[in-house]
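# Summary of structural features
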Amino acid sequence: MQEWWRSAVIYQVYPRSYQDSTGNGVGDLAGITQRLDHIAGLGVDCIWLSPIFASPQADMGYDVSDYLAVDPLFGGLAAFDALIEGAHARGLKVIVDQVLSHTSDQHDWFKKSRVSRDNDKADWYVWADPQPDGSPPTNWHSHFGGPAWEFDPQRGQYYLHNFLSSQPDLNFHNPDVVDAILETCKFWLDRGLDGFRLDTVNYYFHDQELRSNPPAQAAPQVMATDLYGMQNNIYNKTRPENIAFLERLRALTDQYDDIMMVGEVGEMGRRSIEIMGEYTEGRERLHMAYSFAMLGPDFNAEHFRNCIEGFQSGAPDGHPYWSFSNHDVPRQVTRWAEHSVSEDSIARLACAMLMSFEGTIGIYQGEELGQTETELEFEELTDPPAIRYWPAVKGRDGCRTPMVWEKDALNAGFSTAQPWLPVKPPQAARAVDQQGDGSIMAYYKEMIAYRKNSPALSRGKTTFISLPEPLLAFTRQSDEQTLTCIFNLSKNVHTVPLKNAAEIALGKASSITDGVLTLEGNGFAYLTHGADIPL
Ligand code: TEU
């Protein structure tokens, strides 16, 4: 039987923003448990929980101070066990974010490490002497701006932090660190988790020779926090030693039944697709991986084709995870607005594209409502890079505002207290209670079910068809079924002459008249086999 995750749809929950059950303005695990029927009702297979472990929340939980404790803010271990039980009872798997590359500076390991150069944790982080002039050991940039090194007066050395200075990087070259990390993963697997989303999976190792990165052209901003496009980050991340560690992780998870790991490759562009392949090829590394390739501004047929074809040719036995939105990037309806006829039309088109892609699909809470990016004032921001570099950096708060349940309820039903990020009217207008027949939410349900019931979409191979931009076209073919999927990625009407008779099995803003397929702006069609499209 095919492993459960291979054609799954995974729903990402950002716990701070899903449902507050305690009235403190921050979402929690009991709140998510209350909303499990909504999630199960979408027809998804699995929930990915953004970080829930003990954390000072400097980077909203991506700064862990205790890997073995659920943060009291989210309800502790008892709330976690109840959530797992409730999810499993509904046939939903649950994976959690594991942020292993770095810890919080409040983690006991770091507190001890920084005290002296000769205690048993001294070499658990990446410490290095200043250069003779006192400057940092290398030119590496922190992802959130400034140097990736912070000077610690007590040790008289710098420590590495690829993200905030309160997120020191663990030293994966130290075997004791690797053993401790594997132990923490084991703890959660023993507790009934179904797997992990591995944060920054290509940042675990750094160059031990501490070579400076070569310069590069400025890269486009992806996360709205990207400040360091000016160097080619080859020595601070994506080191060759990582592969052996991924194999150890896989060996651990293979001791359990049905565990899945999806790694976040912190890269964009063509290189990111190559790394996704390297990390998932064969059955000895990660089960699957995603990168930022589809999470950026690019919205044209060539781009999507390059991502999917590039992955296939680089890693014929690898497995991708494709998503258009998450907690780090502007929401897709807003990000791709210039290509849209309307918010709803781009939401539907994006949904249909995702559900037709080969691999595993990720959707982010609120995406099923056609949610848009929230516009925030400076005073409302919580994301550190945004606070530091506003307005050049807008940050990630706009995609993290609370889930909206009832349009006219206080804070749209998210919380009875002032939420940690505000609920604004444009977002509340898309609340779950507004999503009746014909809504975007109804559409997501329909499309998820369609994908699940279609052998071609859930298991079929992909072959691209060359049509001029802005038309993206490919066939999905399984033993039982062939579907030709055609999408109009623009606002304008486009036509495609069909060689053979064809029928639209499912579509939107599309029709066939006299052997010609017409796609209105943002229209798409899944055609039943027989359609033969001339180049
Ligand atoms: O994000 C990773 C990240 O910020 C970059 O590596 C990203 O991949 C890059 O912009 C692509 O060019 C993860 C989390 O998702 C994020 O929320 C955290 O802030 C971050 O790690 C640090 O843990």
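Conventions used here
Residues numbered from 1 in each chain as written. Predicted model: local features only at pLDDT ≥ 70, side-chain atom pairs only at ≥ 80, totals over all residues. Helix = DSSP H or I, 4+ residues; strand = E, 2+ residues; numbered from the N terminus. Rg over C-alpha atoms; globule rule 2.2 N^0.38 Å. Buried ≥ 20, exposed ≤ 12 C-beta atoms within 10 Å, placed from the backbone. Contact = placed C-beta atoms within 7 Å. Domains from an automatic or database assignment. Nonpolar A, V, L, I, M, F, W, Y, C, P; charged D, E, K, R; others polar. Core = buried A, V, L, I, M, F, W, Y, C linked by C-beta atoms within 7 Å. Pairing = 2+ DSSP bridges. Axes fitted to C-alpha atoms, helices over the stretch in contact; angles between N-to-C directions. Expected span 1.5 Å × (residues − 1). Parallel < 35°, antiparallel > 145°, perpendicular 65-115°, else oblique. Left-handed = near helix turned anticlockwise from the far one by under 90°.

## Topic: the overall build of the chain
A count of helices and strands for the chain gives 14 helices and 19 strands. Over its C-alpha trace the chain gives a radius of gyration of 23 Å, about what one expects of a compact globule, namely 24 Å for 535 residues. Overall size of the chain, expressed as C-alpha extent along the three principal axes, is 80 × 50 × 50 Å. Looking at the 535 residues of the chain, the share that counts as buried comes to 54%. Sequence-distant contacts in the chain: of pairs separated by 6 or more residues, those separated by 24 or more amount to 66%.

## Structural notes on the domain arrangement of the chain
Per the domain assignment, the segments of the chain are domain 1 (9-103 + 173-452) and domain 2 (460-528). Tallying the contact residues gives 20 residues for domain 1 and 17 residues for domain 2. Within the residue set of the side of domain 1 that touches domain 2, elements represented by two or more residues are helix H8 (301-314) and helix H10 (343-356). Broken down by element, the side of domain 1 that touches domain 2 gets its largest block of residues, seven residues, from H10. When its residues are assigned to classes, the side of domain 1 that touches domain 2 shows 10 nonpolar, five polar and five charged.

## Some words on the nonpolar core
Ranked by internal contacts, the top residues of the largest apolar core, which has 138 residues, are Ile-47, Ala-289, Ile-486 and Phe-487. Per-element tally for this core: the top contributor is H10, with eight residues. Sequence-distant contacts of Ala-289, defined by excluding residues within four places in its chain, comprise Val-201, Val-262, Gly-263, Val-265, Met-276, Tyr-279, Thr-280 and Tyr-321.

## Some words on the environment of Ala-412
Relative to the helices and strands, Ala-412 is located in the loop between helix H11 (384-389) and helix H12 (425-428). Linking Ala-412 and Asp-433, residues 21 residues apart in sequence, is a C-alpha distance of 9.7 Å. Leave out the neighbours within four places in its chain, and Ala-412 touches Pro-402, Val-404, Trp-405, Glu-406, Lys-407, Val-423, Ala-428 and Ala-431.

## Looking at the sheet that holds strand E6 (residues 127-128)
Spatial ordering of the open sheet is given by E6-E8-E7, a layout of three strands whose pairing is antiparallel. Two strands in the sheet have a free side with no partner beyond their single neighbour: E6 and strand E7 (149-152). As defined by bridge partners, E7 adjoins strand E8 (residues 157-160) across four bridges and the pair is classed as antiparallel. By the bridge assignment for E8, Trp-149 is matched with Leu-160.

## Section: the sheet that holds strand E10 (residues 260-264)
The strands making up a sheet associate through hydrogen bonds between their backbones, and the pairing can be parallel or antiparallel. Pairing in this open sheet of eight strands is parallel, and the strands run E11-E10-E9-E5-E2-E1-E13-E12 from one edge to the other. Pairing within the sheet leaves two strands with one partner each, and these edge strands are strand E11 (288-290) and strand E12 (321-323). With strand direction ignored, the average angle separating the axes of adjacent strands in the sheet is 25 degrees. Note that E12 and strand E13 (residues 360-364) share three bridges and pair parallel. Bridge assignment links Tyr-321 to a residue of E13, and that residue is Thr-360. Its contacts with the sheet put helix H7 (residues 269-280) on E10 and E11, and the angle it makes with E11 is roughly 165 degrees.

## Focus: helix H6 (residues 242-253)
Helix length check: H6, at 12 residues, gives a terminal C-alpha distance of 17 Å against a target of 16 Å (1.5 Å per residue), a fit within 8%. Considering only its buried residues, H6 is in contact with helix H5 (175-190), E10 and H7.

## Structural notes on unusual backbone geometry
Residue Pro-391 is reached from Trp-390 by a cis peptide bond, and omega for that bond is 0 degrees. With respect to the element layout, Pro-391 can be found in the loop between H11 and H12. Following Glu-469, the chain continues into Pro-470 via a peptide bond in cis, with omega recorded as 5 degrees. Structurally, the position occupied by Pro-470 is in the loop between strand E14 (461-464) and strand E15 (471-477). Here Asp-258, not a glycine, exhibits a phi torsion of approximately 60 degrees, which is positive. For Asp-258, a count of 11 C-beta atoms within 10 Å puts it in the exposed group. Although it is not a glycine, Asp-514 sits at a positive phi angle of roughly 50 degrees. Residue classification places Asp-514 among the exposed positions, given that 6 C-beta atoms sit within 10 Å.

## Things to note about the packing of H7 against H8
It is the contact of H7 with H8, at a shortest axis distance of 9 Å, that shows an interaxial angle of 40 degrees. Our classification of the angle between H7 and H8 gives oblique. The hand of the H7/H8 crossing is right-handed. Contacts between H7 and H8 involve Arg-270, Ile-273, Glu-274, Met-276 and Gly-277 on the former and, on the latter, Cys-307, Gly-310, Phe-311 and Gly-314.

## Structural notes on the pairing of E13
Burial runs high along E13: five of the five residues are buried. The two faces of E13 match: Thr-360, Gly-362 and Tyr-364 on one face and Ile-361 and Ile-363 on the other face are all buried. The sheet contact formed by strand E1 (residues 9-13) and E13 spans four bridges and is parallel. For Gln-12, the partnering residue across the bridge sits in E13 and is Tyr-364.

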